[in-house]
Amino acid sequence: MNPSHTATAVTSPALPAPTRIATIDALRGFALFGILLVHCGNGFVTAGLPQSVYTATRTGAANETVGFISGVLLDGKFFTFFSFLFGLSFALMLTRSAESVRGFYGRFAWRLVVLGIIGFLHHLWWPGDILSIYAILGFALLALSPLPNRWVLVLAVLLTLNAPGRLYQIYTETTAQAAKPDKKQAAAKQKQEEIKQKKETETYYNVLRKSTFAERIKYNFGAFETKMRFQVESGRLAVTLGFFLFGLYAGRRNLFQRLAENRPFFRRAALFSGLTAIGVFLPALALFLVFNGSPQPPQWAIWVFQTIFDVFNTALTLFYITGLTVLFQQKWLRIVGPLASVGKMALTNYVLQSITGGLIFFGYGLNLLGTLQLWQCILLAFPILGLQIIFNVDYG
């Protein structure tokens with residue numbers, strides 16, 4: 001499951017025109033474009049494909065260069081971006097609500113139920129949907145929102161760095177090593193897993209390219225449990241909630257409501273997060289180069305690399321958010337006005353992206369999956385965004 005997928009603040013209702021914060025709309029539009037780039041690059045697939053497909057479409061200098069850039073700068077950065085905006089929108093709605101806190105919580109809970117229904121229907125069309133995940137985690141956001149700012153920030157940091165997932169991973173793998181499993185049995189089990197995975201990828205590929213509408217809906221219905229298990233086991237569920245809390249913290253601190261006076265803060269935050277991303281990327285790259293090609297890297301190297309990359313993803317996401325917030329003001333905001341128009345219709349545009357992607361790549365449409373090179377898939381994001389800008393530019 002590619003998680004780069006998502007919706008942000010997509011549940012937030014359109015605020016009255018005088019109270020909208022144009023910079024936030026522009027951030028939503030930019031995040032939607034980032035998600036679109038990732039999804040187009042993956043051909044809107046949400047699971048593994050046969051190796052032959054990757055060999056045919058992702059090898060060669062152009063594809064490998066684009067793949068490296070996408071992996072470093074895009075993958076895993078925009079579902080976090082949108083998660084931040086979801087939490088920020090919740091905070092903005094809460095602070096602006098004229099009703100009691102209890103009344104607001106009840107109304108927001110109902111919105112989450114509606115979002116969950118929309119998300120599940122969207123999942124039946126395309127299992128990369130994240131609206132259903134946001135609906136579930138939205139209740140956790142409600143439960144944690146009364147916490148003081150200090151604790152919200154501490155939890156945000158721990159969750160975005162996937163601390164619970166890393167600790168659990170270390171525990172389970174250490175326990176498994178201590179059990180000293182029989183090598184022959186372990187090898188046989190691994191072989192069975194490889195055969196099973198190969199069969200599953202072939203089945204998935206055939207569903208995408210050859211199945212009927214009814215068969216695809218049935219397959220996607222069964223994939224919901226797989227998606228949720230991936231979200232938990234990969235730590236993405238925790239990371240998503242962590243960025244919800246970062247957004248909640250920013251909203252309660254009025255960072256976006258008072259952009260002009262907080263501009264120095266955003267500049268410092270962009271500098272710090274950018275330098276942090278660069279600082280942790282270099283040792284991660286060094287580890288990758290040292291152990292690249294090794295059939296079985298040391299366990300400590302895997303843990304260190306994964307931890308460093310979690311820090312890198314968090315820092316780079318925060319760099320995008322704070323850096324673009326500085327840029328998307330005054331003259332720059334006029335330049336990115338079209339992105340803001342897309343951001344105002346975030347829920348609609350998010351769903352339309354998956355509908356468009358399906359019609360391009362899957363069997364019920366042009367069936368181009370496995371026929372386009374990676375760099376060509378990435379380029380498709382630009383005309384799709386252009387069409388969304390055209391259809392949304394008049395919304396005010």
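Residues numbered from 1 in each chain as written. Predicted model: local features only at pLDDT ≥ 70, side-chain atom pairs only at ≥ 80, totals over all residues. Heavy atoms only, no water.

1. As for the overall build of the protein
The secondary structure content of the protein amounts to 18 helices and zero strands. The C-alpha atoms of the protein give 21 Å as radius of gyration, which agrees with the globular expectation for 396 residues (21 Å, within 12%). In terms of principal-axis extent, the alpha carbons of the protein reach across some 65 × 50 × 40 Å. Counting the 396 residues in the protein, one finds 46% classified as buried. By sequence separation, contacts in the protein at least 24 residues apart represent 83% of the contacts at least 6 residues apart. For the protein, the exposed surface amounts to about 19,500 Å²; the carbon and sulfur share of it is 68%. Each charge class in the protein was averaged separately, 34 positive and 17 negative side chains, and the resulting centres sit 8 Å apart. (Helix = DSSP H or I, 4+ residues; strand = E, 2+ residues; numbered from the N terminus. Rg over C-alpha atoms; globule rule 2.2 N^0.38 Å. Buried < 20%, exposed > 50% of the residue type's maximum accessible area, 1.4 Å probe, protein only. Contact = heavy atoms within 4.5 Å. Areas by Shrake-Rupley, 256 points an atom, 1.4 Å probe, with all protein chains shown as cover. Lys, Arg positive; Asp, Glu negative; His and termini not counted. Charge placed at Lys NZ, Arg CZ, Asp CG, Glu CD.)

2. Concerning the environment of L327
By the element assignment, L327 lies in helix α13 (residues 299–327). Taking the relative accessible area as the measure of exposure, L327 reaches 34% and is therefore partly exposed. Between the C-alpha atoms of L327 and R267, which are 60 residues apart in sequence, the distance is 9.8 Å. The contact partners of L327, leaving out residues within four places of it in the chain, are W332 and L333.

3. Examining unusual backbone geometry
Despite not being glycine, F44 shows a phi value in the positive range, around 60°. With a phi close to 60°, N367 is a non-glycine residue in the positive phi region. Assessed through its relative accessible area of 22%, N367 is described here as partly exposed.

4. Some details on the packing of helix α4 (residues 78–96) against α13
The relative placement of two packed helices is expressed as an angle between their axes plus a distance between the axes. Direction vectors running N to C along α4 and α13 enclose 55°, while the axes themselves pass 9 Å from each other. Considering their axes alone, α4 and α13 lie oblique with respect to each other. Here α4 runs over α13; the crossing is right-handed. On α13, the residues touching F78, T80, F81 and F84 of α4 are T317, Y320, I321 and L324. For the contact of α4 with α13, the residue count by class is six nonpolar, two polar and no charged. (Axes fitted to C-alpha atoms, helices over the stretch in contact; angles between N-to-C directions. Parallel < 35°, antiparallel > 145°, perpendicular 65-115°, else oblique. Left-handed = near helix turned anticlockwise from the far one by under 90°. Nonpolar A, V, L, I, M, F, W, Y, C, P; charged D, E, K, R; others polar.)

5. Some details on the confidence of the model for the protein
Per-residue confidence for the protein gives a mean pLDDT of 87; residues scoring 70 or more make up 92%. For residues 1–18, every residue scores under 50 in pLDDT, and the model assigns this stretch 67 contacts once sequence neighbours within four places are set aside. (pLDDT = per-residue confidence, 0-100.)

6. Quick word on the nonpolar core
Across soluble globular proteins, you tend to see nonpolar side chains buried next to one another. Counting 97 residues, the largest nonpolar core has F81, F84, L85 and F256 as the members making the most contacts within it. Residue contacts for F84: discarding those within four places in its chain leaves F243, F246, G247, A250, F256 and I321. (Core = buried A, V, L, I, M, F, W, Y, C linked by side-chain atoms within 4.5 Å.)

7. Structural notes on helix α3 (residues 61–73)
In this model, α3 (13 residues) spans 18 Å end to end at C-alpha, consistent with the 18 Å of a helix rising 1.5 Å per residue. Every buried residue of α3 is accounted for by N63, S70 and V72. Looking at the packing, one finds that the buried side of α3 touches α2 (51–57), α12 (259–291), α13 and α17 (374–379). (Expected span 1.5 Å × (residues − 1).)

8. Quick word on the packing of helix α7 (residues 149–160) against helix α11 (residues 236–252)
At a minimum axis distance of 7 Å, the contact between α7 and α11 shows a crossing angle of 150°. Judged by the inter-axis angle, α7 sits roughly antiparallel to α11. Like other packed secondary-structure pairs, α7 and α11 cross with a definite hand, here left-handed. Along its contact with α7, which presents N149, V152, L153, L155, A156, V157, L159 and T160, the element α11 presents A238, V239, L241, G242, F243, L245, F246, L248, Y249 and R252. Among the residues making up the contact of α7 with α11, the classes are represented as 14 nonpolar, three polar and one charged.

9. Examining a nonpolar patch on the surface
Taken together, the side chains of W110, V113, V114, I117, I118, L121 and F139 make up a nonpolar region of the molecular surface, amounting to roughly 650 Å² of accessible area. The dominant element in the nonpolar patch, judged by the number of residues it contributes, is helix α5 (residues 101–125), at six residues. Mapped onto the elements of the fold, L121 is located in helix α5. (Patch = residues over 30% accessible without salt bridge, like charges linked within 9 Å, V, L, I, M, F, W, Y side chains within 5 Å. Salt bridge = Lys/Arg side-chain N within 4 Å of Asp/Glu carboxyl O.)

10. Some points on helix α18 (residues 381–392)
Taking 1.5 Å per residue, 12 residues should reach 16 Å; α18 reaches 16 Å between its end C-alpha atoms and fits that length. Three or more residues of α18 are buried, namely A381, I384, L385, Q388 and N392. Relative to the axis of α18, the buried residues are bounded by an arc of 100° and lie together on one face. (Arc of directions from axis to C-beta.)

11. Some details on the pattern of salt bridges
Per the stated rule, a full pass over the model turns up four salt bridges. For the salt bridge of D129 with K227, the shortest nitrogen-to-oxygen distance reads 3.7 Å. Of the two residues, D129 sits in the loop between α5 and α6 (131–144) while K227 sits in helix α10 (residues 213–234), which places them 98 residues apart along the sequence. You can call K227 buried: its relative accessible area is 1%. Among the ionic pairs, E225 bridges to R229, the shortest N-O distance being 2.7 Å. Within this pair, E225 and its partner R229 are both found in helix α10, separated by four residues, close to a single helical turn. Given a relative accessible area of 36%, R229 falls into the partly exposed group.

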